[in-house]
Amino acid sequence: MRSIGSPLRPGTRRNADNVIHVRTSRILALLAGLVLVAFPLRAAQTVEMLRVGLVGDAAAVASLRTLQAGGLGRTSGFDSRVMSRAANAPAAAILADLRNVDVAIFHRGPGSVSEEDAAHVREFLKSGKGCVILAADPAAWSMVNEFQPDVLGATRGDVFAGGAPVALINLYPHPIFGGVSGLDIRAAVPQFGELAADAQMIMEGTVGEATAPLAWVRRRPTGRLCHIVAADDSLLADPAYQTFIANAVRWTVGRSIPQATTAVQRTFMPEAYPGAFAVTLPGGPSLCLDPVRGGINYIWDGDFVDLRPRWITKQGEPARIFGPVFYREQAWQPLRAGSPSDEPDFQLRGYTFRDGSPEFHYSVGGRDVFERFESGQQGGALLRRFRVGPGAPPLWMRFEPQEGAEIIVKGIERDGDLACYASTGAGEFTIEIRRKGDAAP
């Protein structure tokens, strides 16, 4: 760059205005830089790095360090540290730093610890922070009363299938498996009894006709938990397994999970006509779309449905949902053409994916309507994006009173419990459904 005192190029003139302009520009640029330093742009802000503690007895140190060097490195957005006492070391407290982590990963369990450390463990389990347990051993949790029913959500029994290695692994739809195409567990595993009512199995193993849960998640009142049954040294060194564990860490604190995808399944849903859709967005929430009734039957703060009741029973049990429902609809076909009192003419034409989000195609009074589901700006909110094709009849949407949600519309005229898209041309509008009183799940 040419300085003010440098020679001019041929054909140019120097004057006072030029000099003042250059000096002023430099001063303004300097001031702008100072402003950016003092008040950084929001777009430049980054998500705070997760602090993860890895806890285990002396025998687990090598495995934990392998995991730390792999999927829990800084490239994953984690600041991880191993908290374990070497064999024969003094019984001084080493788990006080649990107060300073966001998530703790326990390998089997804390093991034999001092009473001070036992108090740190109990405090952590009540803190609301994320918890991942690998290969839980009840004997290593003697400092926690009722650990299996209250924390783990299942009781450990004998070895599964007489010690035969797991032959088939079923990964059920869940964000934790984002970027994980499959897992290979060629090892014997323990059998855990019936899971707690709020525990959702996400991975299952089979040997012949026998099945065993291999991983489950719980949204406990005192924090989210994920338990992974198999965690020997070879698995903790496997990149796919490391990704699985890293995603479990993110899930326990509600962080977004890389490569997590939207789950859509047409199935038998509770409180819905047969053939309803279960939809779970990677950032939440989940919803039941009933194309017979013609709307969203309910939205819940939770993960994808458990389809096993439908698969394993001859009576056709509906899928199970996990998490509180905060929005419900019951009116028959609330989206109508012409006027709100006209006879409904709502038909599902199918669905596809656009930019990773499911988009459903309806015919309403002869007009094409496309509805795409996305996560809203507020945590746990649902954003409904509508594209409307040209047509003569206006479109009307009726809203029902909601105790747990508020409804925000854009691009459509709302009057009380009714909203109208009056244009005869093609256009778009949005409806966002937010939970009341709580911005994050």
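Note that this is a predicted model, so its numbers are computed, not measured.

Peer 1: Hey, could you run me through the overall build of the protein in this one?
Peer 2: Looking only at helices and strands, one finds 7 helices and 25 strands in the protein. For the protein, the residues scored as buried account for 47% of the 441 residues in total. Considering only contacts in the protein between residues 6 or more positions apart, those separated by 24 or more positions represent 60%. Counting every atom, the protein has about 21700 Å² of accessible surface; 52% of that belongs to carbon and sulfur.

Peer 1: How should the confidence of the model for the protein be read in this particular structure?
Peer 2: For any part of a model where pLDDT is low, the fine detail of the predicted coordinates should not be relied upon. For the protein, per-residue confidence averages 86 on the pLDDT scale, and residues scoring 70 or more make up 85% of the total. Between residues 1–45, whose pLDDT stays under 50, and residues either more than four places distant or in other chains, the model counts 16 contacts.

Peer 1: It is not clear to me how the pairing of strand 25 (residues 427–435) should be interpreted in this structure. Could you clarify?
Peer 2: Each regular strand shows side chains that alternate between the opposite faces of the sheet. Burial of strand 25 is extensive: 7 of the 9 residues sit out of reach of the surface. Both strand 20 (residues 382–388) and strand 25 contribute to a ladder of 7 bridges, which runs antiparallel. Looking at the pairing, Arg384 lines up with Ile431 of strand 25. Inspection of the sheet shows strand 22 (residues 405–410) paired to strand 25 by 6 bridges, in the antiparallel sense.

Peer 1: Quick question: what am I supposed to make of the pattern of salt bridges here?
Peer 2: Opposite charge on two side chains allows them to pair when their charged atoms are near. Scanning all chains against the criterion turns up 22 salt bridges. Here Arg293 makes a salt bridge to Glu329, at a shortest N to O gap of 2.8 Å. Taken together, the residues Arg293 in the loop between strand 13 (286–290) and strand 14 (295–300) and Glu329 in the loop between strand 15 (325–328) and strand 16 (335–337) connect sequence positions 36 residues apart. The class for Glu329 is buried, based on a relative accessible area of 8%. Here Glu359 makes a salt bridge to Arg387, at a shortest N to O gap of 3.0 Å.

Peer 1: Quick question: what am I supposed to make of the packing of aromatic side chains here?
Peer 2: Aromatic ring pairs are described here by two measures, namely the spacing of the ring centres and the angle between the planes. Within this structure, the stated rule accounts for 16 aromatic pairs. The residue whose ring lies beneath Arg224 is Trp251, and the NZ or CZ to ring-centre distance is 4.8 Å. Taking the ring centre of Phe326 as reference, the NZ or CZ of Arg435 above it sits at 5.9 Å.

Peer 1: What's the story with unusual backbone geometry in this structure? I'm lost.
Peer 2: Among all residues save glycine, negative phi is the norm, and among peptide bonds the norm is trans. Residue Pro285 is reached from Gly284 by a cis peptide bond, and omega for that bond is -5°. Along the polypeptide, Pro285 turns up in the loop between strand 12 (276–280) and strand 13. Phi angles above zero are rare outside glycine, and Glu146 is one such case at about 55°. Looking at the element boundaries, Glu146 is found in the loop between strand 4 (130–134) and helix 4 (147–152). Among the residues examined, Glu146 registers a relative accessible area of 52% and is labelled exposed. Unusually for a residue other than glycine, Gln333 sits at a positive phi of about 45°. Residue position: Gln333 is located in the loop between strand 15 and strand 16.

Peer 1: Just checking my understanding: could you explain the nonpolar core for this structure?
Peer 2: A general trend in soluble globular proteins is that nonpolar side chains are found buried together. Grouped together as the largest cluster of nonpolar side chains are 76 residues, with contacts concentrated most on Trp141, Met203, Tyr241 and Phe244. It is helix 6 (residues 239–252) that provides the largest number of residues to this core, a total of 7 residues. By size, the runner-up hydrophobic cluster in this structure holds 33 residues, among which are Leu289, Ala337, Val364 and Ile412.

Peer 1: What is the right way to read a nonpolar patch on the surface from this model?
Peer 2: Taken together, the side chains of Tyr273, Val292 and Trp332 define a hydrophobic patch exposed on the protein surface, amounting to about 280 Å² of accessible area. Along the chain, Trp332 falls in the loop between strand 15 and strand 16.

Peer 1: Teacher, can you tell me more about the sheet that holds strand 1 (residues 50–55) here?
Peer 2: Backbone hydrogen bonds are what pair the strands of a sheet, in a parallel or an antiparallel way. One open sheet holds the 8 strands; their spatial order is 2-1-3-4-10-9-8-6, and the pairing between them is mixed. Taken across any chain shown, the strands that pair with only one partner, and hence form the sheet edges, are strand 2 (78–83) and strand 6 (168–171). This sheet shows a mean twist of 20° between the axes of neighbouring strands, independent of strand direction. Strand direction decides the pairing type here: strand 1 and strand 2, joined by 6 bridges, are parallel. Of the residues in strand 2, the one forming a bridge with Val55 is Met83. The sheet strands contacting helix 2 (residues 61–69) are strand 1, strand 2, strand 3 (103–107) and strand 4, and the helix crosses strand 2 at an angle near 170°.

Peer 1: Help me out: how do you make sense of the environment of Leu281 in this one?
Peer 2: Residue placement: Leu281 occurs in the loop between strand 12 and strand 13. The exposure class assigned to Leu281 is buried, which follows from its relative accessible area of 3%.

Peer 1: What is the right way to read the side chain of Thr262 from this model?
Peer 2: Positionally, Thr262 belongs in the loop between helix 6 and strand 11 (263–267). Overall, the relative accessible area of 11% leaves Thr262 in the buried class. A polar atom in the side chain of Thr262 sits 3.3 Å from the backbone oxygen of Gly356. Contacts of Thr262, omitting those with residues within four sequence positions, involve Val279, Thr280, Leu281, Pro282, Phe353, Gly356 and Pro358.

Peer 1: Help me understand the side chain of Asp290, please; the structure alone is not making it clear to me.
Peer 2: Its place among the elements puts Asp290 in strand 13. As a buried residue without a salt bridge, Asp290 has its nearest oppositely charged side chain in Arg293, at a separation of 4.9 Å. At a separation of 3.2 Å, a polar atom in the side chain of Asp290 contacts the side chain of Asn297. Beyond its immediate stretch of four places on either side in the chain, Asp290 contacts Ala272, Tyr273, Ala276, Gly295 and Asn297.

Peer 1: What is the right way to read the pairing of strand 20 from this model?
Peer 2: With 5 of its 7 residues buried, strand 20 lies for the most part within the structure. Direction of pairing for strand 19 (residues 367–375) relative to strand 20: antiparallel, over a ladder of 7 bridges. Pairing of Glu371 across the sheet is with Phe386, part of strand 20. Between strand 19 and strand 20, which follow one another and run antiparallel, lie 6 residues, and Gly380 among them has a positive phi close to 80°.

Procedures and definitions
Residues numbered from 1 in each chain as written. Predicted model: local features only at pLDDT ≥ 70, side-chain atom pairs only at ≥ 80, totals over all residues. Heavy atoms only, no water. Helix = DSSP H or I, 4+ residues; strand = E, 2+ residues; numbered from the N terminus. Buried < 20%, exposed > 50% of the residue type's maximum accessible area, 1.4 Å probe, protein only. Contact = heavy atoms within 4.5 Å. Areas by Shrake-Rupley, 256 points an atom, 1.4 Å probe, with all protein chains shown as cover. pLDDT = per-residue confidence, 0-100. Pairing = 2+ DSSP bridges. Salt bridge = Lys/Arg side-chain N within 4 Å of Asp/Glu carboxyl O. Phe/Tyr/Trp six-rings, centres within 6.5 Å; stacked < 30°, edge-to-face > 60°. Lys NZ or Arg CZ within 6 Å of the ring centre and 35° of its normal. Core = buried A, V, L, I, M, F, W, Y, C linked by side-chain atoms within 4.5 Å. Patch = residues over 30% accessible without salt bridge, like charges linked within 9 Å, V, L, I, M, F, W, Y side chains within 5 Å. Axes fitted to C-alpha atoms, helices over the stretch in contact; angles between N-to-C directions. Polar contact = N/O pair within 3.5 Å; in protein donor to acceptor, adjacent residues only side chain to side chain. Lys, Arg positive; Asp, Glu negative; His and termini not counted.

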